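Single-letter residue listing:
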Amino acid sequence: MANRIDLCNAADVMPGTALKVEAGELTLAVFNVDGELYVTDDMCTHGPGSLSEGYIEGDVVECNFHNGQFNIRTGEVVSPPCMVPVKIYPAVVENGRVLIETE
C-alpha cells in the first residue's frame with residue numbers, strides 16, 4: 001500500500017535550485033527544473049555527497065563530493081565516478097505542496 005509523504009511548499013524550491021528535505025527515515029532532494037519538481041534521494045550513490053548541495057545545470061546535478069553527475073529527471077548517471085543511478089520518487093504538487101508516494 002502506497003504512503004503519501006508531504007515534503008515542502010513548492011514555492012520554496014525556485015527554478016534551478018534544490019532543497020534538502022528530511023521526511024521520516026528519508027533524506028531527499030527536491031529539484032526545480034524549469035518549473036517542474038523532481039525528487040531524488042539526497043545522498044550520492046558514490047560517496048557521502050549531498051545532491052541538494054551540488055551544482056545544477058539544466059536537468060543535471062553534479063555531486064559536491066567527487067563531481068559525478070546524475071540526470072535529475074531520471075536518476076541515471078551522466079558522468080563518473082558514479083556508477084549506480086540515484087533513486088527517484090514521482091512527485092506531485094497539490095495545494096502548493098510537494099508530495100511523493102512510497103511503498
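These numbers were taken from a predicted model, which means no experiment stands behind them. (Residues numbered from 1 in each chain as written. Predicted model: local features only at pLDDT ≥ 70, side-chain atom pairs only at ≥ 80, totals over all residues. Heavy atoms only, no water.)

A. Representation of the pattern of salt bridges within the structure. According to the stated counting rule, one finds six salt bridges in the structure shown. Here Arg73 ties to Asp34 by a salt bridge, and the two come within 4.0 Å at their closest N and O atoms. Of this pair, Arg73 sits in the loop between β7 (69–71) and β8 (77–79) while Asp34 sits in the loop between β3 (26–33) and β4 (36–41); the two residues are 39 residues apart in sequence, bridging distant segments of the chain. A salt bridge links Asp59 to Arg73; the nearest nitrogen and oxygen atoms lie 3.1 Å apart. (Salt bridge = Lys/Arg side-chain N within 4 Å of Asp/Glu carboxyl O. Helix = DSSP H or I, 4+ residues; strand = E, 2+ residues; numbered from the N terminus.)

B. Region of interest: the pairing of β4. Bridge count for β3 against β4 is six bridges, and the pairing is antiparallel. When the sheet's bridge partners are listed, Ala29 is paired in β4 with Thr40. Between β3 and β4, which follow one another and run antiparallel, lie two residues, and Asp34 among them has a positive phi close to 55 degrees. When β4 meets strand β9 (residues 88–89), the two strands line up antiparallel, connected through two bridges. Counted as the bridge partner of Val39 is Tyr89 from β9. (Pairing = 2+ DSSP bridges.)

The values reported here are purely geometric and, on their own, carry no functional implication.
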